[in-house]
Amino acid sequence: ALKHDTFGVAIGYYDTESDKIIIDGIKGLEPKGNDLDAKEVYQYLAELLDRFNIVGCGIDIDTMFVESCQMLKENVGFYSRKLLNKTHYDIFKEDLSFDKVEVVYNDKLYKELKEIEIINDRRVDHPSDGSKDISDAVIQCHRVIKEFSSQIIPIKYYGIHSFR
């Protein structure tokens, strides 16, 4: 696992009545010591799969926590791997501005969103002393719901984020 990184998970769904994306769960699995525990990540994701009707997920890279990613691929209806870029953040920001997305309050998320650095017209990065693991999870969840909501029955589904 990568040193000092958080494994971010965001859970959400599309609400047809309000025509909004609702992101109602945010969690960051923090490393114990320097590294994230792959077994802890696997167990947490297995619990989510058991507890919720997960029909899809989005992830940016699936070479970390290979067993966890394989479990997700085998248990969800769609599995989307895509690196996030500035456009994904801009679409999320626009949906927030037009009240098309609601996000449960999370201190770390709002700190990350305020500190994100725009590298160029395509790339977003975290500050040298900061993180964007939670915000990436939320943006990934938003992206997956927005891209796939028209293809499935509107039930709860989730965006799960890993990191580079």
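A quick note: this is a predicted structure, and the numbers were derived from the prediction, not measured. (Residues numbered from 1 in each chain as written. Predicted model: local features only at pLDDT ≥ 70, side-chain atom pairs only at ≥ 80, totals over all residues. Heavy atoms only, no water.)

What follows is about the packing of helix H3 (residues 86–97) against helix H5 (residues 133–148). Contact geometry for H3 and H5: axes closest at 10 Å, N-to-C directions at 80°. As the angle between them shows, H3 and H5 are arranged roughly perpendicular. Contact with H3, carried on its side by His88, Tyr89, Ile91, Phe92 and Asp95, involves Ser135, Asp136, Val138, Ile139, His142, Arg143 and Lys146 of H5 and no other residues of that element. Residue composition of the contact of H3 with H5, by class: five nonpolar, three polar and four charged. (Axes fitted to C-alpha atoms, helices over the stretch in contact; angles between N-to-C directions. Helix = DSSP H or I, 4+ residues; strand = E, 2+ residues; numbered from the N terminus. Parallel < 35°, antiparallel > 145°, perpendicular 65-115°, else oblique. Contact = heavy atoms within 4.5 Å. Nonpolar A, V, L, I, M, F, W, Y, C, P; charged D, E, K, R; others polar.)

By the definition in use, this model includes two aromatic pairs. Taking 5.5 Å as the distance between ring centres and 90° as the angle between the ring planes, the aromatic pair formed by Phe7 and Phe65 counts as edge-to-face. Residue Phe7 is located in strand S1 (residues 7–15), and its partner Phe65 is located in the loop between strand S3 (56–59) and helix H2 (66–75); the two are separated by 58 residues in the primary sequence. Look at Tyr105 and Tyr110: their rings are 5.1 Å apart centre to centre, the planes differ by 10°, and that puts the pair in the stacked class. For Tyr105, a relative accessible area of 59% gives the class exposed. (Phe/Tyr/Trp six-rings, centres within 6.5 Å; stacked < 30°, edge-to-face > 60°. Buried < 20%, exposed > 50% of the residue type's maximum accessible area, 1.4 Å probe, protein only.)

Mapped onto the secondary structure, Asn75 falls in helix H2. Beyond its immediate stretch of four places on either side in the chain, Asn75 contacts Leu49 and Ile54.

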